[in-house]
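These are the residues of each chain, in order.
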2 protein chains.
Amino acid sequence: MEMIGRIAGVSQVTVSRALSDPSKVSPATLRKIQDAIAATGFVPNALAGALASRRSRLVSTLVPSITNLTYSSMVKSFAQEMRAQGYQIMLSECGFDPAEEEAAVMTHLSRRPDAMLLVGTRHSANTRKMLLAAGIPVVEVWDITDTPIDLCFGFSHPEAGKAAARFAAGAGYARAACVGASDERALRRKEAFRAEFRALTGTEVPEARFESEASLGIGRAGLARLLDTEGFEKGVVFCSSDLVAHGVLLEAASRGLAIPGDIAVIGFGDQGFAPDTFPPLTSMRVDRGALGASAARAIFDRLDRGHSAPIVTDIGFEIIRRESA
Amino acid sequence: MEMIGRIAGVSQVTVSRALSDPSKVSPATLRKIQDAIAATGFVPNALAGALASRRSRLVSTLVPSITNLTYSSMVKSFAQEMRAQGYQIMLSECGFDPAEEEAAVMTHLSRRPDAMLLVGTRHSANTRKMLLAAGIPVVEVWDITDTPIDLCFGFSHPEAGKAAARFAAGAGYARAACVGASDERALRRKEAFRAEFRALTGTEVPEARFESEASLGIGRAGLARLLDTEGFEKGVVFCSSDLVAHGVLLEAASRGLAIPGDIAVIGFGDQGFAPDTFPPLTSMRVDRGALGASAARAIFDRLDRGHSAPIVTDIGFEIIRRESA
DNA sequence: TTGTATGCGTTATCAG
DNA sequence: CTGATAACGCATACAA
């Protein structure tokens, strides 16, 4: 900036002002400064700016997996909203393990983000401590809890599982099974589903569970296992995600089974592709776009008005019935 | 650090050294410093560190879309490699528009990344200028060019299209069509496919092209359009991505068409799910994992040994024949 | 509207 | 092995 100032015939401070608030500089000098910037290709050092102003305009975003559409689609809307307000997001993948998350949180905090977005509500004690000490707005999304760190937007996973079970029983399915990856939130949905379905129909609910991430492959292998070794012959399959559900659909098709006559399928997440599977997938919708946008707005509010008490917002879910169940 | 130093009975500088290179500090003082850090929950300010050392340990990564598995799976391996060496990536989505990319590049450069990864080789003149002026290693991936900015790892899209056409003609398909999104690289593959297939068989290649991002929906709508309004009845469909190809598969299934008897399908990218579609998808494999890792290693090399001449590396592609074609 | 002085929290350089 | 000192490039408070 000192260079630019020299060229434009003003001081470094004036250059700084021209960049941060052009209205505080006379039109004439503003022009000269802009010309000098264009001529030199000057790019302001945001690192120095952040250090001096104690505001980085950076918002950390930690998700379990960047290749998982569930999270990336939420990040997309969140990032868009943030960018519109001049904030940039720092995205990192931190797996489903709290210890890994803790390391990521520390790394991110060292960059002095203005706020942080986390997925889920189960964090290590140290993670909570660091976050609280950082004194920045923190948003936990995609789950709810009685003990939020700060802001929280999500829904009850056990309630979602129960709702799916009631839907399944109400639709007349006498038997049910579950297929899924073993991420902690999916497990809670699944257990609630099994308990509720058993309570409603009196029948046990077999399951096929995998350690790997959600994929079509899990869905196919899952239905195969249910059919071949778990004695499941006919009924509805509640899946941990739409991707897994799609795999179940494909495995059923490859075996010539009727959907939903022989095998009915319920997904989770209502991804964009759910209406385009064959047959169209019945799923549970969570408004990810609104979630990302709400989280962003809540952060702006905190940033403007300062800290206040923790707030938990239940955004709910909705069963979208299509042809698969 | 001054605080920590006071508690540990040493100067601020010693604390800095204890953190950056513990071996330069005596075991006794190191312990005292570590204890003080643990007691206070001190998190070093990486912003200040970067400003002073002129190294941010940040690598910018710009991709067209974070929800597109093609890119996110590459970023995953790249980020992993980077993190292993103590670098963190700053990921941003910049669409398929060079102007949007330019804005993102500027924003990122203001954060003073140590290197930058870009997808594609078509950038605005100003983007090139800024990147060159930044004096950092730049890697362009997923395409090759005669005029790289710095490092480049990718493959020839026209060659990929031609190879697909030769495969299709060689497999005996008399008719072909294309379905896809209209990202610039996919368009070049498609045009090369059409030209080559026409040259080999003498038949025209109809196409269904969409402006929206790749999805199952475009694949379904694409085949529907080819069948219903383009007079395409039977043959092989070359798709812009595996996701679109899967959509074509589903549309064919929903119409009771035989695959590959009536409609054969070739995808692109050989995503993890390609073997799990029904029937398994024939696709073109590009080694994304190796690409990400190579890009990372090339950056480390530049960072260590300093700048040298631009290097373009063609990583090629491979047709993976499964049952869909 | 513009300039001066000062500090943000580190690392680098040099000296002890 | 440790410490003093000077940057790093900008924003803020205050003065003119």
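Remember, it's a predicted structure, so these values are computed and weren't measured experimentally. (Residues numbered from 1 in each chain as written. Chains lettered and ligands numbered in written order. Predicted model: local features only at pLDDT ≥ 70, side-chain atom pairs only at ≥ 80, totals over all residues. Heavy atoms only, no water.)

## Some details on the pattern of salt bridges
All names here are of chain B.
Argument step 1. All chains considered together, the criterion is met by 42 salt bridges over all chains.
Argument step 2. Here R220 ties to E251 by a salt bridge, and the two come within 2.9 Å at their closest N and O atoms. Highlighted residues: R220 in helix 10 (residues 216–229) and E251 in helix 11 (residues 242–254), separated in sequence by 31 residues.
Argument step 3. The buried category is assigned to R220, whose relative accessible area is 14%.
Argument step 4. R322 is the partner of D270 in a salt bridge, and the nearest nitrogen-oxygen pair spans 3.0 Å. (Salt bridge = Lys/Arg side-chain N within 4 Å of Asp/Glu carboxyl O. Helix = DSSP H or I, 4+ residues; strand = E, 2+ residues; numbered from the N terminus. Buried < 20%, exposed > 50% of the residue type's maximum accessible area, 1.4 Å probe, protein only.)

## Describing the sheet that holds strand 4 (residues 138–141) of chain B
Residues and elements named next belong to chain B.
Argument step 1. The sheet built from six strands is open, its strands ordered 2-1-3-4-5-11 with parallel pairing. Each end of this open sheet is capped by a strand with a single partner; those strands are strand 2 (88–93) and strand 11 (311–314). Direction aside, the axes of adjacent strands within the sheet are offset by 15° on average.
Argument step 2. With four bridges joining them, strand 5 (residues 151–154) and strand 11 adopt parallel strand pairing. Along strand 11, the bridge assignment pairs F153 with T313.
Argument step 3. Those strands touched by helix 5 (residues 69–84) are strand 1 (58–63), strand 2, strand 3 (115–119) and strand 4, and its axis lies near 175° from that of strand 1.
Argument step 4. In this fold helix 6 (residues 98–110) packs onto strand 1, strand 2 and strand 3, with an angle of close to 165° to the strand it touches most, strand 3. (Pairing = 2+ DSSP bridges. Axes fitted to C-alpha atoms, helices over the stretch in contact; angles between N-to-C directions. Contact = heavy atoms within 4.5 Å.)

## Let's talk about the sheet that holds strand 9 (residues 263–266) of chain A
Across a sheet, strands are paired by hydrogen bonds formed along the backbone, either parallel or antiparallel in direction.
Residue and element names in this part refer to chain A.
Argument step 1. The sheet built from four strands is open, its strands ordered 7-6-8-9 with parallel pairing. Here the strands that pair on one side only, and so sit at the sheet edges, are strand 7 (207–210) and strand 9. The mean angle between the axes of side-by-side strands here comes to 15°, regardless of whether they run parallel or antiparallel.
Argument step 2. Pairing of strand 6 (residues 176–181) with strand 7, which is carried by four bridges, proceeds in the parallel orientation. Paired with A181 across the two strands is F210, which belongs to strand 7.
Argument step 3. The sheet contacts of helix 9 (residues 184–201) involve strand 6, strand 7 and strand 8 (235–239), and relative to strand 6 the element is tilted by about 175°.

## So, the packing of helix 6 of chain B against helix 7 (residues 125–134) of chain B
Residues and elements named next belong to chain B.
Argument step 1. Running from amino to carboxyl end, helix 6 crosses helix 7 at an angle of 20°, the nearest separation of the two axes being 9 Å. When the interaxial angle is binned, helix 6 and helix 7 end up roughly parallel. The two elements helix 6 and helix 7 cross, and the hand of that crossing is left-handed. Listed contacts from helix 7 to P98, E101, E102, V105, M106 and L109 of helix 6 are N126, T127, M130, L131 and A134.
Argument step 2. Of the residues assigned to the contact of helix 6 with helix 7, the class counts are seven nonpolar, two polar and two charged. (Parallel < 35°, antiparallel > 145°, perpendicular 65-115°, else oblique. Left-handed = near helix turned anticlockwise from the far one by under 90°. Nonpolar A, V, L, I, M, F, W, Y, C, P; charged D, E, K, R; others polar.)

## Thoughts on the packing of aromatic side chains
The description of an aromatic ring pair uses the distance of the two centres, along with the angle that the planes make with each other.
Argument step 1. Using the criterion set out here, one finds 14 aromatic pairs over all chains in the structure.
Argument step 2. On the basis of an interplanar angle of 85° and a centroid distance of 5.4 Å, the ring pair of W142(A) and F155(A) is categorised as edge-to-face. In this pair, W142(A) sits in the loop between strand 4 (138–141) and strand 5 (151–154) while F155(A) sits in the loop between strand 5 and helix 8 (157–170), placing the two residues 13 residues apart along the sequence.
Argument step 3. Arranged with centres 4.6 Å apart and planes meeting at 15°, the rings of F193(B) and F238(B) form a pair that is stacked. With F193(B) in helix 9 (residues 184–201) and F238(B) in strand 8 (residues 235–239), this residue pair connects regions lying 45 residues apart in the sequence.
Argument step 4. Since its relative accessible area comes to 2%, F238(B) is described here as buried.
Argument step 5. The ring of F268(A) carries R189(A) above its face, with NZ or CZ at 3.8 Å from the centroid.
Argument step 6. Directly above the aromatic system of Y87(B) lies the positively charged group of R57(B), at a separation of 4.9 Å from the ring centroid. (Phe/Tyr/Trp six-rings, centres within 6.5 Å; stacked < 30°, edge-to-face > 60°. Lys NZ or Arg CZ within 6 Å of the ring centre and 35° of its normal.)

## Observations regarding the packing of helix 5 (residues 69–84) of chain A against helix 12 (residues 288–305) of chain A
Residues and elements named next belong to chain A.
Argument step 1. Where helix 5 meets helix 12, the axes come as close as 8 Å, and the angle between the chain directions of the two elements is 40°. Looking at the two axes, helix 5 sits oblique to helix 12. Handedness of the crossing formed by helix 5 with helix 12: right-handed. Here helix 5 contributes T70, S73, M74, S77, F78, E81 and M82 to the contact with helix 12, which in turn contributes R288, G289, L291, G292, A293, A295, A296, R297, I299 and F300.

## A short note on the UniProt feature "domain: HTH lacI-type" (unreviewed entry) in chain A
Argument step 1. What UniProt calls "domain: HTH lacI-type" (unreviewed entry) maps, in this numbering, to residues 1–53 of chain A.
Argument step 2. Between the C-alpha atoms that bound residues 1–53 of chain A there is a distance of 16 Å. The span itself is 72% helix and 0% strand. (UniProt positions renumbered as here; feature names shortened; annotations may be inferred.)

## Considering the pairing of strand 2 of chain B
All names here are of chain B.
Argument step 1. Strand 2 sits mainly inside the fold: six of its six residues count as buried.
Argument step 2. In strand 2, alternate side chains face the same way, and those of Q88, M90 and S92 on one face and I89, L91 and E93 on the other are all buried.
Argument step 3. Pairing between strand 1 and strand 2: six bridges, direction parallel. Bridging from a neighbouring strand, V63 pairs with E93 of strand 2.
Argument step 4. For the segment spanning strand 1, helix 5 and strand 2, crossover handedness is right-handed. (Right-handed = clockwise from strand over helix to strand, strands pointing away.)

## Let's talk about the side chain of R288(A)
Residues and elements named next belong to chain A.
Argument step 1. Inspection of the secondary structure assignment puts R288 in helix 12.
Argument step 2. As a buried residue without a salt bridge, R288 has its nearest oppositely charged side chain in D242, at a separation of 6.4 Å.
Argument step 3. Within the structure, the side chain of R288 is placed 2.9 Å from the side chain of S73, a separation counted as a polar contact.
Argument step 4. Polar side-chain contacts of R288 include one of 2.6 Å to the backbone oxygen of G269. (Lys, Arg positive; Asp, Glu negative; His and termini not counted. Polar contact = N/O pair within 3.5 Å; in protein donor to acceptor, adjacent residues only side chain to side chain.)

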